[in-house]
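Topology and contacts: notes
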Amino acid sequence: MEDEVWMTVKEAALFAGVSVQTVYSWIRRGHLTVGGLDHRNQKLFRHLDVARAEMATRTKAQRILVGVE
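A brief structural summary.

Rules used in this analysis
- Residues numbered from 1 in each chain as written.
- Predicted model: local features only at pLDDT ≥ 70, side-chain atom pairs only at ≥ 80, totals over all residues.
- Heavy atoms only, no water.
- Helix = DSSP H or I, 4+ residues; strand = E, 2+ residues; numbered from the N terminus.
- Contact = heavy atoms within 4.5 Å.
- Buried < 20%, exposed > 50% of the residue type's maximum accessible area, 1.4 Å probe, protein only.
- Arc of directions from axis to C-beta.
- Pairing = 2+ DSSP bridges.
- Axes fitted to C-alpha atoms, helices over the stretch in contact; angles between N-to-C directions.
- Parallel < 35°, antiparallel > 145°, perpendicular 65-115°, else oblique.
- Nonpolar A, V, L, I, M, F, W, Y, C, P; charged D, E, K, R; others polar.

Right, let's get into the side chain of T8. Along the chain, T8 turns up in the loop between β1 (6-7) and α1 (9-16). Every residue in contact with T8, bar those within four places of it in the chain, is listed here: D38, Q42, K43, L44 and F45.

As a further point, take helix α2 (residues 20-29). Taken together, the buried positions of α2 are occupied by V23, S25 and W26. For α2, the angular spread of buried residues about the axis comes to 155 degrees, placing them on one side. Summarising the geometry of α2, the exposed residues directed more than 90 degrees from the buried face are Q21 and R28. Count one or two residues on from α2 and you reach G30, which has phi positive near 85 degrees.

A word on α1. Listed as buried for α1 are V9, A12, A13 and A16. What you see down the axis of α1 is that its buried residues fit within an arc of 100 degrees, all on one side. For α1, exposure combined with an orientation more than 90 degrees from the buried face picks out K10 and L14. The positive-phi residue at the C-terminal boundary of α1 is G17, with phi of around 75 degrees.

Read across the open sheet, the three strands follow the order β1-β3-β2; overall the sheet is antiparallel. Each edge of the sheet is formed by a strand with only one pairing partner; in this case those strands are β1 and β2 (36-37).

What follows is about the packing of α1 against α2. Direction vectors running N to C along α1 and α2 enclose 105 degrees, while the axes themselves pass 8 Å from each other. The angle between α1 and α2 falls in the class roughly perpendicular. For the pair α1 and α2, contact is made by V9, K10, A12, A13 and A16 and by V20, V23, Y24 and W26, respectively. Across the contact of α1 with α2, the residue classes tally to eight nonpolar, no polar and one charged.

As structure tokens, this is what we get:
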């Protein structure tokens, strides 16, 4: 089994180039699933899931912007 890379909310935000509030928004909207908790009870996310959430929301935002002229 391949090793998975896990990150906290803050690390996920830095990785995706968004704010911490945006990461929490992805969770609320179902774009990102919490994969577990670390030893300090901080939420953990898989690297791949963060990348998918970022891609999905940016793609959706671009579609909305394209329609505005």
